[in-house]
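Now for the letters of each chain:
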Amino acid sequence: MATNQLELFLVLVVTAIALKPRRCLCLAQQESLLVGMTLLPNATLNGAMCLDGSPPAYHLHKGFGAGANNWLLQVEGGGWCNTVRSCRDRATTRRGSTRYMSRFKVFSGILIDDPLMNPDFYNWNRVKLRYCDGGSFAGDSEFQTLNKTIYLRGQKIWTAIIDDLLNKGLNHAAKVLLSGCSAGGLAVFHHCDQLAQLLPEAKSVKCLSDAGFFVDLTDISGSNTIRPFFGSLVSLQGISKFLNKKCVASYGDPLTCFFPQYAIRYISSPFFIVNPAYDMYQFTHCFVPPSSDPSCQWSKCKLNQDECSATQIEVLQGLRNQTLKALEPFNLSTGGRFINSCLAHCQSELPDSWFAPDSPRLGNKTIAEAVGDWYFERKIVSETDCPYPCDSTCRNLPSKNQDQGSNNSINIPGSFSTVYFLITVLLVIIV
């Protein structure tokens with residue numbers, strides 16, 4: 001980055017932080033809400049603790065008006081730890097300890113309290129469940145390493161947070177939406193029916209997974225990288241005993257039921273899936289993992305889609321094909337889906353991809369509009385995009401396709417795009 005661009009970046013960040021004590025300036029002149037943390041120190045007495053033994057936490061922004069009795073719970077994502085070493089290392093970061101987390105969290109996208117940016121859920125009670133167990137809130141185990149205890153207590157963290165929220169009004173909820181992104185989106189598959197069972201008097205309990213549909217995927221070399229990774233995760237974290245018993249009985253294998261494509265058959269609550277057919281995490285880690293590309297022929301393509309050759313884009317259609325095949329068992333009688341062709345990962349939390357004039361669209365609907373239509377049963381929502389790079393509403397098309405796109409697409413110069421991206425990432429991380 002050139003010196004003047006770096007100076008601009010720093011000035012904008014400092015200005016955004018200093019501008020308001022509880023709001024931060026976002027891109028495209030949008031604002032994001034900063035919400036304080038609620039720690040649960042007493043939860044550790046029941047074994048609910050982060051990897052390092054610190055207490056679990058969440059952020060709650062209370063609803064108002066007509067939404068005062070409705071609740072939206074957003075489960076934080078952030079990868080996994082599937083080995084002793086990776087969990088030990090993670091325990092010294094904000095992904096494994098509330099000691100390293102900021103005491104404020106940005107609420108944007110589906111969590112913002114502005115009807116112009118979040119028309120259907122802006123006045124609900126909105127909660128961010130902080131992620132610090134490394135196992136999608138699904139396990140219960142521990143181990144000793146280097147004279148330290150590492151706690152893998154995702155299931156107990158989930159229970160502790162939900163119990164606390166029940167005492168704060170969740171038990172009287174009228175409408176509830178459980179959502180999550182990435183590893184948090186995966187957690188939604190495994191906790192959706194559990195939450196519904198705790199709220200028998202609620203008028204509706206529905207679930208939304210954003211970029212959490214991790215596919216039992218064959219990579220470009222013909223191997224499967226994600227299955228052994230998830231296998232070690234399920235084993236280390238003690239997840240097997242918490243998976244859907246009907247699913248496990250059917251497949252005879254707990255690991256299989258950790259994958260959403262198999263678990264979804266046994267979820268009875270209404271469910272909505274937001275997922276790119278070319279999810280960036282699965283593209284770079286599962287479909288083209290480093291082990292499948294020893295000569296690094298895909299390195300440039302992974303970092304910059306302008307560098308993808310026509311052959312590579314053709315190969316990339318294999319990720320879409322496997323994703324759509326895995327979605328076939330999904331029940332659309334009560335469910336919905338928004339499967340676009342953007343190279344993205346997690347779209348509901350970002351204002352620019354959730355509900356903005358230039359957000360990605362399918363059927364002329366943004367993700368926010370599609371989710372709202374499904375939740376409130378305004379219409380059946382089952383949208384699947386055409387193959388990449390056909391969708392001009394996506395933000396990361398190759399530049400030659402952006403030039404040929406519709407008037408809805410925007411071109412951001414490369415230098416400004418870098419600053420734009422860094423500001424977004426830094427503001428999300430520091431708060």
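As a reminder, the structure under discussion sits directly above these lines.
Please read these numbers as outputs of a predicted model, since none were measured by experiment.

## Some thoughts on the packing of helix 3 (residues 154-166) against helix 4 (residues 183-198)
Thought 1: Following both chains from N to C, one finds helix 3 and helix 4 inclined at 30 degrees, their axes separated by 12 Å at the closest point. As helix 3 packs across helix 4, the resulting crossing turns out to be right-handed. Across the interface between the two elements, Gln 155, Trp 158 and Ile 162 of helix 3 pack against His 191, Gln 194, Leu 195 and Leu 198 of helix 4.
Thought 2: Its residues assigned to classes, the contact of helix 3 with helix 4 shows four nonpolar, three polar and no charged.

## So, the layout of surface pockets
Thought 1: The computed volume of the second largest pocket comes to approximately 400 Å³.
Thought 2: Taken together, 18 residues line the second largest pocket, and the ones lying closest to its centre are Asp 193, Gln 194, Gln 197, Asn 244 and Lys 245.
Thought 3: Taken together, the elements giving at least two residues each to the lining of the second largest pocket come down to helix 4 and helix 6 (245-251).
Thought 4: Here the lining of the second largest pocket is built from residues that sort into nine nonpolar, six polar and three charged.

## Remarks on the pattern of salt bridges
Thought 1: Going through the model one piece at a time under the given rule, you end up with 19 salt bridges.
Thought 2: Between Arg 153 and Glu 142 there is a salt bridge whose closest N-O contact spans 2.2 Å. Of the two residues, Arg 153 sits in the loop between strand 8 (148-152) and helix 3 while Glu 142 sits in strand 7 (residues 141-145), which places them eleven residues apart along the sequence.
Thought 3: Owing to a relative accessible area of 9%, Arg 153 belongs among the buried residues under this scheme.
Thought 4: The class of Glu 142 is partly exposed, set by a relative accessible area of 41%.
Thought 5: With its nearest N and O atoms 3.5 Å apart, the salt bridge here joins Asp 164 to Lys 168.
Thought 6: A residue is classified by how much of its surface remains accessible, and Lys 168, at 39% relative accessible area, is partly exposed.
Thought 7: A cluster of three or more residues bridged by salt bridges with shared partners is formed by Glu 76, Arg 95, Lys 105 and Arg 130.

Parameters and conventions
Residues numbered from 1 in each chain as written. Predicted model: local features only at pLDDT ≥ 70, side-chain atom pairs only at ≥ 80, totals over all residues. Heavy atoms only, no water. Axes fitted to C-alpha atoms, helices over the stretch in contact; angles between N-to-C directions. Helix = DSSP H or I, 4+ residues; strand = E, 2+ residues; numbered from the N terminus. Left-handed = near helix turned anticlockwise from the far one by under 90°. Contact = heavy atoms within 4.5 Å. Nonpolar A, V, L, I, M, F, W, Y, C, P; charged D, E, K, R; others polar. 1 Å grid on protein atoms, 1.4 Å probe; cavity = no way out; pocket = protein on both sides within 12 Å on 5 of 7 lines; lining within 4 Å. Points joined across faces, edges and corners; volume = space filled by probe spheres on them. Salt bridge = Lys/Arg side-chain N within 4 Å of Asp/Glu carboxyl O. Buried < 20%, exposed > 50% of the residue type's maximum accessible area, 1.4 Å probe, protein only.

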